[in-house]
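Chain residues, written in single-letter form:
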Amino acid sequence: MLLVGLLFLLSLAVFVYFRNAAAQPIARPPGVLCPLAPFQSAQNLPAAFEHEGYRLQPVARFALEARVLGKRLYSTDPGAKLAPVDLALGWGRMSDSRVLEKISISQGNRFYFWYTPDPPIPLREIALSSANMHMIPATPELEQRLKQLKSGNIVRLQGYLVNVSGPDGFFWNSSLTREDTGNGACELVWVEELAVR
């Protein structure tokens, strides 16, 4: 019986160790890691299509390389079936570890929040060089990869910004600018390609 108890405790310790290791942010050296703002174009868009019982209307081609500032998983809100992952992403100086070490970042209720008592860069630049984005994975494999991301990962993704309509009058529209903040300012991204480092 003592051996069983010891094996249980050892198994629990290993589980906790690896779970905590998986949640640890990835350390990055100082310097801007993702210098370019996201790319967006309204040219040559595909027709609307169905996904998971929703109608998705592409409104812009979209691509970015950004640093993951935070990740939040959703499973119970009205959009969770469609977009189970939100990523807070930063580019420009919001991908620089020297800047980020002075900013507290959190996510909740489909929003991204930041706080800094001593701004390392202008507040407007923080707002314009970061965003909370709702990710709609095109495949189950992409969904799993998005769910495994950690703060500090660098992601390159391509797809579309979309507006969504669904049953019972459901609608969810993407922001089309990086210059907005607050309610309605998040991008709704149909993710077709994802590279991670």
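The text that follows walks through the structure, step by step, so that each part is easy to find.

Parameters at a glance
- Residues numbered from 1 in each chain as written.
- Predicted model: local features only at pLDDT ≥ 70, side-chain atom pairs only at ≥ 80, totals over all residues.
- Heavy atoms only, no water.
- Helix = DSSP H or I, 4+ residues; strand = E, 2+ residues; numbered from the N terminus.
- Buried < 20%, exposed > 50% of the residue type's maximum accessible area, 1.4 Å probe, protein only.
- Contact = heavy atoms within 4.5 Å.
- Areas by Shrake-Rupley, 256 points an atom, 1.4 Å probe, with all protein chains shown as cover.
- Phe/Tyr/Trp six-rings, centres within 6.5 Å; stacked < 30°, edge-to-face > 60°.
- Core = buried A, V, L, I, M, F, W, Y, C linked by side-chain atoms within 4.5 Å.
- Polar contact = N/O pair within 3.5 Å; in protein donor to acceptor, adjacent residues only side chain to side chain.
- Pairing = 2+ DSSP bridges.
- Salt bridge = Lys/Arg side-chain N within 4 Å of Asp/Glu carboxyl O.

Here we look at the overall build of the protein
Thinking step 1. The helix and strand tally for the protein stands at four helices and ten strands.
Thinking step 2. When the helices and strands of the protein are listed from N to C terminus, the series reads α-β-β-β-β-α-β-β-α-β-α-β-β-β.
Thinking step 3. Counting all 197 residues of the protein, 41% fall into the buried class.
Thinking step 4. If you take every contact in the protein between residues at least 6 apart in sequence, the share linking residues at least 24 apart comes to 71%.
Thinking step 5. Counting only carbon and sulfur atoms, one obtains 57% of the accessible surface of the protein, whose full area is about 10900 Å².

Things to note about the packing of aromatic side chains
Thinking step 1. In total, this model carries four aromatic pairs according to the counting rule given.
Thinking step 2. Taking 5.3 Å as the distance between ring centres and 65 degrees as the angle between the ring planes, the aromatic pair formed by Tyr 54 and Phe 170 counts as edge-to-face. Here Phe 170 lies in the loop between β8 (154-165) and β9 (171-172) and Tyr 54 lies in strand β3 (residues 54-73), a separation of 116 residues in the sequence.
Thinking step 3. By relative accessible area, which is 9% here, Tyr 54 ends up buried.

Overview of the nonpolar core
One recurring pattern in soluble globular proteins is that nonpolar side chains are buried together.
Thinking step 1. The biggest cluster of nonpolar side chains holds 24 residues, and the ones touching the most others in it are Leu 64, Leu 87, Leu 89, Met 133, Met 135, Leu 157 and Val 189.
Thinking step 2. Secondary structure elements with two or more residues in this core: β3, β4 (85-90), β7 (130-137), α4 (140-147), β8 and β10 (187-196).
Thinking step 3. It is β3 that contributes the most residues to this core, six residues altogether.
Thinking step 4. Leave out the neighbours within four places in its chain, and Met 135 touches Leu 82, Ala 83, Pro 84, Val 85, Asp 86, Leu 87, Leu 89, Leu 146, Leu 157, Val 189 and Val 191.
Thinking step 5. Judged by nonpolar contacts, the second largest core, of twelve residues, contains Tyr 54, Val 164, Leu 188 and Trp 190.

Details of the side chain of Asp 86
Thinking step 1. Structurally, the position occupied by Asp 86 is in strand β4.
Thinking step 2. For Asp 86, the side chain forms a polar contact with the side chain of Arg 110, separated by 2.6 Å.
Thinking step 3. Contacts of Asp 86, omitting those with residues within four sequence positions, involve Gly 70, Lys 71, Arg 72, Tyr 74, Gln 107, Arg 110, Asn 132, Met 133, His 134 and Met 135.

Quick word on the pairing of strand β6 (residues 111-115)
Thinking step 1. Note that strand β5 (residues 104-108) and β6 share five bridges and pair antiparallel. Considered in β6, the bridge of Ser 104 is made with Tyr 115.
Thinking step 2. Counted along the chain from β5 to the antiparallel partner β6, the turn is two residues long, and its residue Asn 109 has a positive phi close to 55 degrees.

Some remarks on the pattern of salt bridges
Thinking step 1. Tallied over the full model, the rule gives nine salt bridges.
Thinking step 2. A salt bridge links Glu 65 to Arg 156, with the nearest nitrogen and oxygen atoms 3.7 Å apart. Here Glu 65, found in strand β3, pairs with Arg 156, found in strand β8; they are 91 residues apart in sequence, far enough to count as distant.
Thinking step 3. A relative accessible area of 46% means that Arg 156 is categorised as partly exposed.
Thinking step 4. Measuring nitrogen to oxygen at the nearest pair gives 2.8 Å for the salt bridge that ties Lys 147 to Glu 143. In this pair, Lys 147 and Glu 143 are both assigned in helix α4, four residues apart and thus about one turn of the helix distant.

Overview of the environment of Glu 193
Thinking step 1. Among the structural elements, Glu 193 can be located in strand β10.
Thinking step 2. Assessed through its relative accessible area of 46%, Glu 193 is described here as partly exposed.
Thinking step 3. Spatially, the C-alpha atom of Glu 193 lies 6.7 Å from that of Gly 159, the residues being 34 residues apart in sequence.
Thinking step 4. For Glu 193, the residues in contact, after removing those within four places along its chain, are Arg 156, Leu 157 and Gln 158.

Focus on the environment of Arg 72
Thinking step 1. Structurally, the position occupied by Arg 72 is in strand β3.
Thinking step 2. Sequence separation between Arg 72 and Asn 132 is 60 residues; the distance between their C-alpha atoms is 9.9 Å.
Thinking step 3. Within the structure, Arg 72 has its side chain in polar contact with the backbone oxygen of Gln 107 (distance 2.7 Å).

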